[in-house]
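Coordinate analysis (summary)
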Amino acid sequence: EAAVTQSPRSKVAVTGGKVTLSCHQTNNHDYMYWYRQDTGHGLRLIHYSYVADSTEKGDIPDGYKASRPSQENFSLILELASLSQTAVYFCASSDRTGGYEQYFGPGTRLTVL
Amino acid sequence: QQQVRQSPQSLTVWEGETAILNCSYEDSTFNYFPWYQQFPGEGPALLISIRSVSDKKEDGRFTIFFNKREKKLSLHITDSQPGDSATYFCAVLYQGGRALIFGTGTTVSVSP
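Residues numbered from 1 in each chain as written. Chains lettered and ligands numbered in written order. Predicted model: local features only at pLDDT ≥ 70, side-chain atom pairs only at ≥ 80, totals over all residues. Heavy atoms only, no water.

With respect to the overall build of chain A
As a reminder, the rule being used: By definition, any uninterrupted DSSP run of H or I lasting at least four residues is a helix, any uninterrupted run of E lasting at least two residues is a strand, and each is numbered from the N terminus. The globule rule used here is 2.2 Å times the number of residues to the 0.38 power, and the radius of gyration it is set against is calculated over C-alpha atoms. The buried label applies to any residue whose accessible area, calculated with a 1.4 Å probe on protein chains only, is under 20% of its type's maximum; exposed applies above 50%, and partly exposed to all values in between. Working rule for contacts: check all heavy atoms of both residues, and any pair within 4.5 Å makes them a contact. Surface accessibility in these figures is a Shrake-Rupley result with a 1.4 Å probe; residues are shielded only by whichever protein chains are displayed. In summary, the charge assignment counts Lys and Arg as positive and Asp and Glu as negative, without counting His or the chain termini. A single reference atom marks each charge: NZ on Lys, CZ on Arg, CG on Asp, CD on Glu.
From N to C terminus, chain A includes zero helices and eleven strands. Scanning chain A from its N terminus toward the C terminus, one meets helices and strands in the order β-β-β-β-β-β-β-β-β-β-β. Scaling as 2.2 N^0.38, a compact globule of 113 residues should have a C-alpha radius of gyration of about 13 Å, and chain A matches this with 13 Å. Looking at chain A as a whole, 50% of its 113 residues qualify as buried. A sequence separation of at least 24 residues applies to 56% of the contacts in chain A between residues at least 6 apart. Carbon together with sulfur atoms contributes 49% to the accessible area of chain A, which is approximately 5,200 Å² in total. Treating the 10 positive side-chain charges of chain A as one cloud and the 11 negative ones as another, the clouds have centres 9 Å apart.

Dropping the structure here:
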């Protein structure tokens, strides 16, 4: 079965600080995604990647960077965390068919104070 | 601009009833529509999907009805069970098939 893990599972950060969220998949999938979930907004795509060492912007990339150092790992980086970035963040992966079926991790709850 | 809209925001049904969740979209070029199910504290998981060449897709107690002309679809959950209590997201495939746009979700509560 598909396996996507995220770390940390929860984090409290200070405004202006740097935050790195990590994602690891053991599915041998080409695609990886980062979403944020907020009440009333559903899931919104931040960044995605379909090959190592390359990332693409999603719908809401401002304030976020992404890094895909290997096929298995995908990180989301908040260089200067802000209050508005408090949310639950989900990582997902899918095979080379892309968006047809995405496997999600358990999420990271980020609180910026 | 919200390209995928869902209604209602929340829905409560009795066990055994049919829950009907609605979804509409803006872009007529969208051609693949998955529904994801999310339980509290977990990530979403693919439940059922339909392509625009079909007007109905059934999987057990879950059925998607698709109206291409009106750019609307609905998810019917028949004989609802308490274990179906979850949030359901309608989504559309975009970016050349590489990514999904999700709706805002419908939270379903099934009372025994």
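From this point, things continue past the structure.
Overview of the nonpolar core
Operational definition: For the purposes of this section, nonpolar cores are sets of buried Ala, Val, Leu, Ile, Met, Phe, Trp, Tyr and Cys residues that join through side-chain atoms within 4.5 Å.
Counting 45 residues, the largest nonpolar core has Tyr 35 of chain A together with Leu 21, Trp 35, Leu 73, Leu 75, Tyr 88 and Phe 102 of chain B as its most contacted members. If one sorts the elements of this core by residue count, strand S9 (residues 86–94) of chain B sits on top with eight residues. Grouped together as the second largest cluster of nonpolar side chains are 19 residues, Val 4, Val 19, Tyr 64 and Ala 81 of chain A included.

A short note on the interface of chain B and chain A
Formally: By definition, the buried area sums, over both parts, the 1.4 Å-probe accessible area that each loses when the two are put together. What counts as a salt bridge is simple: a side-chain nitrogen of Lys or Arg found within 4 Å of a carboxyl oxygen of Asp or Glu. Gly counts as polar in this scheme, as do all residues outside two lists: the nonpolar Ala, Val, Leu, Ile, Met, Phe, Trp, Tyr, Cys and Pro, and the charged Asp, Glu, Lys and Arg.
The interface is formed by 21 residues belonging to chain B together with 24 residues belonging to chain A. Together chain B and chain A conceal approximately 1,800 Å² of surface at their shared face, both sides included; 51% is due to carbon and sulfur atoms. A per-residue breakdown of the area chain B buries against chain A is headed by Pro 44, Arg 98 and Phe 102 of chain B, which together make up 31% of the total. Put simply, chain B and chain A have zero salt bridges between them. Elements with a minimum of two residues in the side of chain B that touches chain A: strand S4 (32–38), strand S5 (45–51), S9 and strand S10 (99–102) of chain B. Counting residues per element, the side of chain B that touches chain A draws most heavily on S10 of chain B, which supplies four residues. Of the residues in the side of chain B that touches chain A, the class split is eleven nonpolar, seven polar and three charged.

Points about the side chain of Arg 68 of chain A
Residue and element names in this part refer to chain A. Our working definition: A 3.5 Å cut-off defines polar contacts: any pair of N or O atoms within that distance qualifies, except that in protein one atom must be a possible hydrogen donor and the other a possible acceptor, and neighbouring residues in sequence count only when both atoms are side-chain atoms.
Checked against the element boundaries, Arg 68 lands in the loop between strand S7 (65–67) and strand S8 (73–78). For the buried Arg 68, no salt bridge is present, and the opposite-charge side chain at shortest range is Asp 30, 6.2 Å distant. Within the structure, the side chain of Arg 68 is placed 2.9 Å from the side chain of Ser 49, a separation counted as a polar contact.

Examining the packing of aromatic side chains
Threshold: Ring pairs are drawn from Phe, Tyr and Trp, using the six-membered ring of Trp, whenever the two centres fall within 6.5 Å, and their geometry is named by plane angle: stacked under 30 degrees, edge-to-face over 60, tilted for the rest. Note on geometry: a ring has a charge over it if NZ (lysine) or CZ (arginine) is within 6 Å of the ring centre and within 35 degrees of the ring normal.
Applying the stated criterion across every chain, the model contains 18 aromatic pairs over all chains. Ring centres 6.1 Å apart and planes at 10° place the aromatic pair Tyr 31 of chain A and Tyr 33 of chain A in the stacked group. Grouping residues by exposure puts Tyr 31 of chain A and Tyr 33 of chain A together as buried. Their ring planes at 40° and their centres at 4.8 Å tell us that Tyr 25 of chain B and Phe 33 of chain B sit as a pair that is tilted. For Tyr 25 of chain B, a relative accessible area of 5% gives the class buried. Accessibility expressed as a relative area gives 0% for Phe 33 of chain B, which makes it buried. Every member of this aromatic cluster is reached through a ring pair, and the members are Tyr 31, Tyr 33, Tyr 35, Tyr 48, Tyr 50, Phe 90 and Phe 104 of chain A together with Tyr 36, Phe 89 and Phe 102 of chain B. The positively charged end of Arg 98 of chain B is found above the aromatic ring belonging to Tyr 50 of chain A, 4.2 Å away from the centroid.

The quantities given are spatial measurements derived from coordinates; they are silent on function.
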